[in-house]
Amino acid sequence: MSQEQYSSSCKGKGKLEGITFQTPIPECRCNEVLDHMRKSFYVNEPLLTALDVIKVGEPQPEMDAYVVETVKEGCSVAALDSKTDKIVGVALNGVMRSSDPDLKEKLDKMNSKVKLIFEMINNSNKHLDLFCRYGVDEIFEIRLISVDSTYSGKGIARELVLRSDNLGRKLGFKLGKADCTGFFSQKAFIKNGYEKIHEIKYACYKDKQGNVIFKTKPPHESMAVLVKHYDGGDC
Ligand SMILES: CC(C)(COP(=O)(O)OP(=O)(O)OC[C@H]1O[C@@H](n2cnc3c(N)ncnc32)[C@H](O)[C@@H]1OP(=O)(O)O)[C@@H](O)C(=O)NCCC(=O)NCCS
């Protein structure tokens, strides 16, 4: 996907002063994105934290591959510290297509516990069948959203969602979608006009033996599927 690349700072935007946003993230920043994700997302995202499988800064082959694949789709957004140009947040975005192959075979080959997260999201996607529900063949998906904890609570996630939506709309998509595994990201999407259409409560999501799979810490109690019509229609 190719489109004009642009950066813009947030002068006069209160808490966002000193943050520059880059859209889309160029492929040459892939390693910087991976570095950010390994130090931030992999150890702070509620489900990865509950599984406790990754140490700070460590690679994780399945997550790393998903991150790189998504950056290469060319429609992600980065938040940068304007002084240092360091990545402090990302929205990693991609396109879901009705023609996409079934992921089950790929997931069956995964060995790590991370598979449990991909499985829950894949089953939820199949169950909801958003293509049929909304009469579209393609959906703009905000897949992974992450902000460095030293910059949290400034509205960076909210701005990343806003800018991702603007990009999705500009690229001609009718629907934006996110699977939000944490309470704070759900807030950031809802503030941007997303509507919750499905929720999986972690306390009720159990394995065959009846054990809760994701023992998350409060306030992270559920995964929510959120959607937004880019043309302003109802969900
Ligand atoms: C979720 C995450 C991206 C939020 O980033 P952020 O830039 O701090 O979010 P924002 O500043 O836009 O805040 C969004 C909302 O969450 C609240 N929030 C964010 N961090 C918070 C914290 N540590 N404690 C309490 N509230 C918090 C904000 O107050 C805001 O709520 P409001 O609109 O009612 O004021 C960030 O915490 C993160 O990277 N978490 C780990 C990865 C993750 O869980 N990603 C989402 C998985 S789908």
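Conventions adopted
- Residues numbered from 1 in each chain as written.
- Predicted model: local features only at pLDDT ≥ 70, side-chain atom pairs only at ≥ 80, totals over all residues.
- UniProt positions renumbered as here; feature names shortened; annotations may be inferred.
- Helix = DSSP H or I, 4+ residues; strand = E, 2+ residues; numbered from the N terminus.
- Rg over C-alpha atoms; globule rule 2.2 N^0.38 Å.
- Buried ≥ 20, exposed ≤ 12 C-beta atoms within 10 Å, placed from the backbone.
- Contact = placed C-beta atoms within 7 Å.
- Near = placed C-beta within 6 Å.
- Nonpolar A, V, L, I, M, F, W, Y, C, P; charged D, E, K, R; others polar.
- Axes fitted to C-alpha atoms, helices over the stretch in contact; angles between N-to-C directions.
- Parallel < 35°, antiparallel > 145°, perpendicular 65-115°, else oblique.
- Left-handed = near helix turned anticlockwise from the far one by under 90°.

Taking an unreviewed UniProt entry as the reference, the protein chain is identified by name as aralkylamine N-acetyltransferase belonging to Laodelphax striatellus. UniProt annotates the protein chain under Pathway (unreviewed entry) with the comment "Aromatic compound metabolism; melatonin biosynthesis; melatonin from serotonin: step 1/2." The Sequence similarities (unreviewed entry) comment attached to the protein chain in UniProt states, word for word, "Belongs to the acetyltransferase family. AANAT subfamily."

Another point: the overall build of the protein chain. When helices and strands are tallied, the protein chain shows 9 helices and 8 strands. Over its C-alpha trace the protein chain gives a radius of gyration of 17 Å, about what one expects of a compact globule, namely 18 Å for 235 residues. Counting only C-alpha atoms, the protein chain reaches 55 × 40 × 30 Å along its principal axes. Looking at the protein chain as a whole, 36% of its 235 residues qualify as buried. In the protein chain, the share of contacts with a sequence separation of at least 24, taken over all contacts with a separation of at least 6, comes to 71%.

Let us now look at the site of the ligand. Taken together, 23 residues surround the ligand, and among them Ser152, Ala157, Arg158, Phe184 and Ser185 come closest. When contributions to the shell around the ligand are tallied by element, the ones reaching two or more residues are helix 2 (41–44), strand 5 (138–147), helix 8 (156–170) and helix 9 (183–191). A breakdown of the residues in the shell around the ligand according to their chemical character gives 9 nonpolar, 9 polar and 5 charged.

On to the packing of helix 8 against helix 9, then. In contact at an axis separation of 9 Å, helix 8 and helix 9 are set at 50° when each is read in the N-to-C sense. As the angle between them shows, helix 8 and helix 9 are arranged oblique. With respect to the hand of their crossing, helix 8 and helix 9 are arranged in right-handed fashion. Together, Ala157, Arg158 and Val161 of helix 8 and Ser185, Ala188, Phe189 and Lys191 of helix 9 make up the contact between the two elements. Of the residues contributing to the contact of helix 8 with helix 9, the split by class is 4 nonpolar, 1 polar and 2 charged.

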